[in-house]
There are 2 protein chains.
Amino acid sequence: MEERLSCALATKDTKVLFASDIKDLSHYLSSYGDNVFWIFDTNTRMLFSRLPEKNIVIDSGEENKSMRNLEKIITAALSFGSARDTRLIAFGGGVVLDMAALASSLYMRGTRLTLVPTTLLSMVDASIGGKTAIDYAGAKNIIGTFYPADEVIISADVLRSLPEREYKCGLGEVIKHAFLSDDLSLYNFLIDNRDEILSRDKDKIRKMIYLSLEIKKYYIEQDPQEKKGIRSYLNFGHTFGHALESISSFKISHGEAVVWGMRAALDAGRALKITEQECYEKAVKLMNSYGYNTERKIGRGEWLSYAEAISRDKKKSGGSVKFVLLKNFGSLILTPLEKNTIQEAVLQSAIIKF
Amino acid sequence: MEERLSCALATKDTKVLFASDIKDLSHYLSSYGDNVFWIFDTNTRMLFSRLPEKNIVIDSGEENKSMRNLEKIITAALSFGSARDTRLIAFGGGVVLDMAALASSLYMRGTRLTLVPTTLLSMVDASIGGKTAIDYAGAKNIIGTFYPADEVIISADVLRSLPEREYKCGLGEVIKHAFLSDDLSLYNFLIDNRDEILSRDKDKIRKMIYLSLEIKKYYIEQDPQEKKGIRSYLNFGHTFGHALESISSFKISHGEAVVWGMRAALDAGRALKITEQECYEKAVKLMNSYGYNTERKIGRGEWLSYAEAISRDKKKSGGSVKFVLLKNFGSLILTPLEKNTIQEAVLQSAIIKF
């Protein structure tokens, strides 16, 4: 086990540890003894032949990131006699980690928390930064807190069995991080190591995750509670993307939707002469080289539900939804957009009938 | 409107404002315009002849500090289109304030928050310090967060119609604060102005609240998230008291229970030669002069449920429940207690049958 990164937030520092393999990880966690409470989902429980005694297994899938399951976790913690010094250890993707972290922040106003992300998306996205959440009344992540984990343990090992769709989902967020840094170190790494990354070379993945987390850390440390607009830059592609995810009833994966949303934001930025042409081209090149479909458009019949989903976006502030646009790598702005601009970026052209 | 106190916590400063009367309060709040969401209970709604449009009214009473009502508040916020910059303004006692503040901390990971405490207890206890909560599965305050309000507005006016039992309930916490300061300023103020305070002289009440908040502020600023043990000193009397509240099914008021719990803690402290005799006598004198019944004992038949309630206390840590004991005014310790010591402090003597 090796400490590689530490992320300092107002209320807590999160240590990010890289485990050399699953054995290393198990060995490390077993040192915590008995005052722990384990949260798995129906996939991650398979990582262990025998589960520890105090555990709960949550059904996997976004539809389970719910008040009902949050209550199940809290009820289980009560039944195990967990206290504020109990360590909650969560194994899973974003759904389990966001929900377990919310439970950890709420139970007795906060327990100890170890997150073990088991998808690429959750390694680069949900693991640091302290955002916890469940969905509620059809609104994604509408209930949550800021509660950084004490530690995050990353084992590239567990990605070997990740379905291709899930892996590509995580790569979407990695690509986003590549656009958020002006030194292009992650951008170039992704371009230069495309084949090894797509075939899941363990060392390349580890390096990619490290570079990605370094960029994310830069933004969240400056604006832990998303009050200055800086942290909002991490939502590049998300306002457009979330609404697509939402109208697809989450059939389109988060990462795919974010890549699509970044393309829409790039198109909007170019139309408004905000995004520089060279940056636009390099960005689209990276997304295409990893095989994402950024040409998809919203059908005109879907516009009303898409617009409704946009207006419910939680980044809404002062009555208007704000979008993150890219000026150049690492240089972003937060701005409302005219309806026309949004439509031009996402809608199919009208079919003109004679 | 006058700013009298500011309480600085890790994530936010809370301003405490004293309104000269209800008109002053209304005038101040109306300046916030339309991006607000009002929370009342069935008592505090009576303060206004006409309620503002975006409001929710919660049934008063501890049994309503529930997940169900938390969800009702969040659902209403969604239906009003509230966003992160919406100001939630809560009027009420501890039940409404704790729950509204929890809703505010959870909705989109945190909205703006103004608390208007309308009971003496909530003015001196729930208003500053950022503890939010609901009860769950029979466990008091088991679900909550740390989320300081942006501002707390105190109007001694609203206490005129407070039932005597409620007023005495708040005085219990004020008396507790008097024991937590070594300069005895609040202690002496309470002794010297007993009659005016009991007859609710407005100016004396205001001064008493100010002195009380100054003492509370001293403890929470040093330990905002109750991690160093310092903030726990504010729980003096609470571990004994909560358990009594709990086995009485909350028929005994919080303040009464806390005063009773402080007497139990004083008795335990004296038995262990921790509490100094002069301090013990002065403390009991103050509690008695305000007419509290500190002689009550737990029946032997209630011991099991009392002990069970103690063991569920959320201050439980490392497998043992810790109690706050008073060495002298402003000097406290946090310690586990033997079963014998607890029994001697709270139980009726056995009736010896021949």
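- In the nomenclature of an unreviewed UniProt entry, chain A is known as 3-dehydroquinate synthase of Candidatus Ornithospirochaeta avicola.

Re the UniProt feature "domain: 3-dehydroquinate synthase N-terminal" (unreviewed entry) in chain A
Right, so step 1: According to UniProt, the feature "domain: 3-dehydroquinate synthase N-terminal" (unreviewed entry) maps to residues 56-168 of chain A in the numbering used here.
Right, so step 2: Segment residues 56-168 of chain A splits into 34% helix and 24% strand. End C-alpha atoms: 28 Å apart.

Points about the packing of aromatic side chains
Right, so step 1: Under the criterion given, the structure shown has 32 aromatic pairs over all chains.
Right, so step 2: Taking 5.8 Å as the distance between ring centres and 65° as the angle between the ring planes, the aromatic pair formed by Phe-40 of chain A and Phe-48 of chain A counts as edge-to-face.
Right, so step 3: Pairwise contacts between aromatic rings join Trp-38, Phe-40, Phe-48 and Phe-91 of chain A into one cluster.
Right, so step 4: Taking the ring centre of Tyr-32 of chain A as reference, the NZ or CZ of Arg-87 of chain A above it sits at 4.1 Å.
Right, so step 5: We note Lys-168 of chain B situated over the ring of Tyr-292 of chain B; from NZ or CZ to the ring centre the distance is 4.7 Å.

Description of the relation of the copies chain B and chain A
Right, so step 1: Superposition record for chain B on chain A: RMSD 0.0 Å, screw rotation 180°, translation along axis 0.0 Å. On the angle and the small slide along the axis, the relation comes out as a two-fold axis.
Right, so step 2: Most of the interface of chain B is mirrored in chain A, where 100% of its interface residues are also at the interface.

Quick notes on empty space enclosed by the protein
Right, so step 1: Counting across every chain of the model gives 11 cavities of 30 Å³ or more.
Right, so step 2: Here the residues of the lining of the largest cavity are counted per class, giving 5 nonpolar, 8 polar and 4 charged.

Some words on the interface of chain B and chain A
Right, so step 1: Between chain B and chain A, the residue contacts involve 36 residues of the former and 36 residues of the latter.
Right, so step 2: For the chain B and chain A pair, buried surface summed over both sides reaches about 3300 Å², with 57% attributable to carbon and sulfur atoms.
Right, so step 3: Viewed at the interface, chain A and chain B are joined by 2 salt bridges.
Right, so step 4: A salt bridge links Glu-226 of chain B to Arg-84 of chain A, with the shortest nitrogen-to-oxygen separation between them at 3.5 Å.

Considering helix α8 (residues 202-222) of chain A
Right, so step 1: Taking 1.5 Å per residue as the helical rise, α8 of chain A with its 21 residues ought to reach 30 Å, and the 31 Å between its terminal C-alpha atoms agrees with that figure.
Right, so step 2: Sitting at the amino-terminal end of α8 of chain A is Asp-201 of chain A, which places a side-chain oxygen 3.2 Å from the backbone nitrogen of Asp-203 of chain A.

Examining the pairing of strand β9 (residues 151-154) of chain B
Residues and elements named next belong to chain B.
Right, so step 1: Neither face of β9 is open: one carries Glu-151 and Ile-153, the other Val-152 and Ile-154, and all of them are buried.
Right, so step 2: Strand direction decides the pairing type here: strand β2 (residues 13-18) and β9, joined by 4 bridges, are parallel. Opposite Val-16, over in β9, you have Val-152 as the bridge partner.
Right, so step 3: Where strand β6 (residues 112-117) meets β9, 2 bridges bridge the pair, whose relative direction is parallel. Across the sheet, residue Thr-114 finds its bridge partner in β9, namely Glu-151.

So, the packing of helix α9 (residues 238-247) of chain A against helix α12 (residues 303-311) of chain A
Residues and elements named next belong to chain A.
Right, so step 1: Contact geometry of α9 with α12 gives a least axis separation of 8 Å together with a crossing angle of 125°. Relative to α12, the element α9 lies oblique. As α9 runs across α12, the sense of the crossing is right-handed. On the side of α9, the interface is formed by Thr-239, Phe-240, Ala-243, Leu-244, Ser-246 and Ile-247, while α12 contributes Ser-305, Tyr-306, Ala-309 and Ile-310.
Right, so step 2: Partitioned by chemical class, the residues of the contact of α9 with α12 number 7 nonpolar, 3 polar and no charged.

So, the packing of helix α5 (residues 164-179) of chain A against α8 of chain A
Pairs of packed helices are described in terms of their axes, by the angle between the two and the distance that separates them.
Residue and element names in this part refer to chain A.
Right, so step 1: Where α5 contacts α8, the two axes come as close as 9 Å, and the packing angle between them is 50°. Between α5 and α8, the interaxial angle falls into the category oblique. Crossing of α5 against α8: the hand is left-handed. Of the residues in α8, those in contact with Tyr-167, Leu-171, Val-174 and His-177 of α5 are Ile-205, Met-208, Ser-212, Ile-215 and Lys-216.
Right, so step 2: When its residues are assigned to classes, the contact of α5 with α8 shows 6 nonpolar, 2 polar and 1 charged.

Thoughts on the pattern of salt bridges
Right, so step 1: Taken as a whole and judged by the stated rule, the model has 36 salt bridges over all chains.
Right, so step 2: Note that Glu-295 of chain B and Arg-263 of chain B form a salt bridge whose closest N and O atoms lie 3.1 Å from each other. Of this pair, Glu-295 of chain B sits in the loop between α11 (277-289) and α12 (303-311) while Arg-263 of chain B sits in helix α10 (residues 254-271), and the two are 32 residues apart along the sequence.
Right, so step 3: Of the residues examined, Arg-263 of chain B reaches a relative accessible area of 12% and is grouped as buried.
Right, so step 4: Ionic contacts of the salt-bridge type, sharing partners, join the residues Glu-62, Lys-140 and Glu-245 of chain A into one network.

Observations regarding the side chain of Thr-44 of chain A
Residue and element names in this part refer to chain A.
Right, so step 1: One can find Thr-44 in the loop between β3 (36-41) and β4 (55-58).
Right, so step 2: Judged by relative accessible area, which is 5%, Thr-44 ranks as buried.
Right, so step 3: Ignoring sequence-local partners within four residues, the contact set of Thr-44 consists of Phe-91, Gly-92 and Thr-118.

A short note on α12 of chain B
Residues and elements named next belong to chain B.
Right, so step 1: What α12 keeps buried is the set Trp-303, Tyr-306, Ala-309 and Ile-310. On an axial view of α12, the arc spanned by its buried residues comes to 125°, and they lie on one face.
Right, so step 2: Considering only its buried residues, α12 is in contact with α9 (238-247), α10, β10 (322-328) and α13 (339-346).

What to know about the environment of Leu-17 of chain B
Right, so step 1: Residue placement: Leu-17 of chain B occurs in strand β2.
Right, so step 2: Here the alpha-carbon distance between Leu-17 of chain B and Ile-153 of chain B, two residues 136 residues apart in the chain, equals 4.8 Å.

So, how was this worked out
Residues numbered from 1 in each chain as written. Chains lettered and ligands numbered in written order. Predicted model: local features only at pLDDT ≥ 70, side-chain atom pairs only at ≥ 80, totals over all residues. Heavy atoms only, no water. UniProt positions renumbered as here; feature names shortened; annotations may be inferred. Helix = DSSP H or I, 4+ residues; strand = E, 2+ residues; numbered from the N terminus. Phe/Tyr/Trp six-rings, centres within 6.5 Å; stacked < 30°, edge-to-face > 60°. Lys NZ or Arg CZ within 6 Å of the ring centre and 35° of its normal. Least-squares fit on C-alpha atoms with pLDDT ≥ 70 in both. Contact = heavy atoms within 4.5 Å. 1 Å grid on protein atoms, 1.4 Å probe; cavity = no way out; pocket = protein on both sides within 12 Å on 5 of 7 lines; lining within 4 Å. Points joined across faces, edges and corners; volume = space filled by probe spheres on them. Nonpolar A, V, L, I, M, F, W, Y, C, P; charged D, E, K, R; others polar. Buried area = accessible area lost by both parts, 1.4 Å probe. Salt bridge = Lys/Arg side-chain N within 4 Å of Asp/Glu carboxyl O. Expected span 1.5 Å × (residues − 1). Polar contact = N/O pair within 3.5 Å; in protein donor to acceptor, adjacent residues only side chain to side chain. Buried < 20%, exposed > 50% of the residue type's maximum accessible area, 1.4 Å probe, protein only. Pairing = 2+ DSSP bridges. Axes fitted to C-alpha atoms, helices over the stretch in contact; angles between N-to-C directions. Parallel < 35°, antiparallel > 145°, perpendicular 65-115°, else oblique. Left-handed = near helix turned anticlockwise from the far one by under 90°. Arc of directions from axis to C-beta.

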